[in-house]
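An overview of the molecular structure
What follows is the residue order along each chain.
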Amino acid sequence: MSKNTVSDRFRKVDVDEYDENKFVDEDDVGENQGGPDEAEVDGLLRQGNLNGALHAVLKNPPLNTKNHNAKERAELLVVRVLSSFKSSDIEKAVGSLDKADVDLLMKYIYRGFEKPSDNSSAVLLQWHEKALAVGGVGSIIRVLTTRKTV
Amino acid sequence: MSLCSFGVEPLSCHAWNKDRTQIALSPNNNIVNIFEKKGKEWVKIHELTEHTERITGIDWAPESNRIVTCASDRNAYVWSLKDEVWKPTLVLVRINRAATCVKWSPLENKFALGSGARLISVCYFEEENDWWLSKHIKKPLRSTILSLDWHPNNILLAAGSADFSCRVFSAYIKDIEDKPGPTAWGTKMPFGELMLEHKDSDGCGWVHSVSFSASGDQLAWVAHSSISVADAAKGKEVTHLTTDYLPLLSVLFVGPTEIVAAGHDCCPFQYTYKGPGALEFVKKLDMPKQSSKTTTSAMQHFRNLDKKATEEDSTKLDTLHQNSITQLCIVSGDKAKVEKYSSVGLDGAMVIWEFKTGGSGDVFQKGQRAADNFWGGVDDPLCSFPVLGCGAIPHTQTH
């Protein structure tokens, strides 16, 4: 019997990495991709300027980086801002965003769904409903098909 | 509009003959059925059974009366009508994955075949050996080709593919044609030359369908969440419009500035393109019929609420098509001015639409029921749907 039958290390080889036909995305690392500015958002939240905080947190999304920490931090910050809104204010806040921001908000909402915590899913569902009314199913399609996840 | 139901299987693809009396379509299997319109009915006159796997593309050349079909069995056949029988000729496409789409060129001396093998096969007939040969376009395609369209000059070919890009290639075959003159897309056009490559920066998904305008200077394509137009006359500038709807699967230029697109929303949409930066949604082209609400008894009402938590008892969509539209095809007119176009969908129905430019105010008229259900025994769910007209249309107009 050959010695090879003992080791099963080959099972952990990722064969897709060695496929020469593998589709590789072009990586353009954009500037300002570090995620929203925590200090700025914190400040606005403490002042009670929720709309301002929302706009601030939707700036500089970490779309192009492979840095998972940046993405995690951005997501937590976004969920914090979204949770601090009153239910009745959500609709107006979504109304003040432009198309691209609504798409970005949808991306953060779905990312938030992936890791639910405490009451986050209920809040996110309310935001989802309002964002859907503005963005249409098209915004959800863009969340599903985008190569650059937030 | 008139709807014709060809059974319950989805229709993968369809093609019309020159005078639009016959239609070739495939009900999601390896057979092509050719139906002829006899009076108000569509009667099956031929069955083309050479493929062994699901047919993915059919195209019928109007002048030379040849049909080309391609399927997942990695083959394509060119069919010619001899003595009332369609005889197939195998085409050597030399692909090792399924073929996905096929289109005759405007002069019908060659056709292009897209495949999952990440290449486009441009096939032409070689007289000496009496067979169809193919030349491959490989670079820089990175994934399956999903759709093709020819430029009116018979040389340029647009391809939409699953690597999120739309490209225009030159498919000039020097054995069978003369050197082309310069066009707005470029001047040097050797075989396989890339004239335009556009990748959506946000990866807007696969490019499902492409369509050149009548002049060939504009190219429209639809991706998962957007519709775009590239304008060669204006420096190949690309105008992009993200949609709020479900993905569009098929697009067609119906006039110099009008575009019709349809997809998973089961309804054709009209867009207008007036120049770079001016791509807009106009309207939905399928008006939901005024459904006569059948009066349900109070008992029925509460029973519905109890069992199904809903007040209505209908699962039918408002649109004519009950499932996604997969392909649009011109029926009458040409790309410069389309009068009628047809759509087939996953619901097994083929609908012929009339395209009218301008006109506001949709008039509902009780029209004649034009739906035929083919397999008999099954009641057609769409009964007495209104015939749609815009503006002043005489009642006597027939489809």
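Summary of the structure given here. (Residues numbered from 1 in each chain as written. Chains lettered and ligands numbered in written order. Predicted model: local features only at pLDDT ≥ 70, side-chain atom pairs only at ≥ 80, totals over all residues. Heavy atoms only, no water.)

This part covers the interface of chain A and chain B. With 19 residues of chain A at the interface, the matching set in chain B holds 18 residues. Taking both partners together, chain A and chain B bury about 1,400 Å²; carbon and sulfur atoms supply 49% of that area. Interface area lost by chain A to chain B is led by Phe23(A), Ile141(A) and Arg142(A), which between them contribute 36%. For the pair chain A and chain B, the number of links is one salt bridge. Close ionic contact of Asp244(B) with Lys99(A) constitutes a salt bridge, the shortest N to O distance being 2.8 Å. Taken together, chain A and chain B are joined by five residue pairs in polar contact (both at pLDDT 80 or more). (Contact = heavy atoms within 4.5 Å. Buried area = accessible area lost by both parts, 1.4 Å probe. Salt bridge = Lys/Arg side-chain N within 4 Å of Asp/Glu carboxyl O. Polar contact = N/O pair within 3.5 Å; in protein donor to acceptor, adjacent residues only side chain to side chain.)

What follows is about the environment of Ala131(A). Residue and element names in this part refer to chain A. By the element assignment, alanine 131 lies in helix α6 (residues 120–145). Sequence spacing of alanine 131 and histidine 55 is 76 residues, and the spatial spacing of their C-alpha atoms is 14 Å. Dropping the residues within four chain positions of it, alanine 131 is found in contact with Val94, Val102, Leu105, Met106, Ile109 and Gly136. (Helix = DSSP H or I, 4+ residues; strand = E, 2+ residues; numbered from the N terminus.)

Attention now moves to the nonpolar core. All names here are of chain A. If you look at the biggest cluster of nonpolar residues, it comprises 31 residues, and the most contacted ones within it are Leu54, Leu82, Leu105 and Trp127. At the level of secondary structure, the elements contributing two or more residues to this core comprise α1 (38–47), α2 (50–57), α3 (68–83), α4 (87–95), α5 (99–114) and α6. Aside from chain neighbours lying at most four places away, what touches leucine 82 is Leu54, Leu105, Ile109, Val123, Leu124 and Trp127. (Core = buried A, V, L, I, M, F, W, Y, C linked by side-chain atoms within 4.5 Å. Buried < 20%, exposed > 50% of the residue type's maximum accessible area, 1.4 Å probe, protein only.)

So, about the pattern of salt bridges. Residues and elements named next belong to chain B. Within the structure shown, the criterion is met by 15 salt bridges over all chains. Across the salt bridge formed by lysine 356 and glutamate 354, the nearest N and O atoms sit 2.2 Å from each other. Residue lysine 356 is classed as partly exposed on the basis of its relative accessible area, which comes to 23%. Look at the salt bridges and you will find they share partners, linking Lys103, Asp149 and Lys335 into a network.

Once that is clear, we can look at the sheet that holds strand β4 (residues 32–38) of chain B. Residue and element names in this part refer to chain B. Taken in spatial order, the four strands make up an open sheet running β2-β3-β4-β5, and their pairing is antiparallel. With partners counted over all chains shown, the strands left at the sheet margins are β2 (13–16) and β5 (41–48), one partner each. Across the sheet, the mean angle from the axis of one strand to that of its neighbour is 25 degrees, orientation sign disregarded. (Pairing = 2+ DSSP bridges. Axes fitted to C-alpha atoms, helices over the stretch in contact; angles between N-to-C directions.)

With that out of the way, let us pick up the environment of Leu25(B). Along the chain, the position of Leu25(B) falls in strand β3 (residues 22–26). When residues no more than four places from it in sequence are discounted, the contact partners of Leu25(B) are Phe6(B), Leu11(B), Cys13(B), His14(B), Ile31(B), Val32(B), Asn33(B), Phe35(B) and Ile58(B).

Looking now at α4(A). Residue and element names in this part refer to chain A. Those residues of α4 that fall on the buried side of the exposure criterion are Ile90, Ala93 and Val94. Projected down its long axis, α4 shows its buried positions confined to an angular sector of 95 degrees, all on one face. The exposed residues of α4 that point more than 90 degrees off its buried face are Ser88, Glu91, Lys92 and Gly95. Packing partners of the buried residues in α4 comprise α2, α5 and α6. (Arc of directions from axis to C-beta.)

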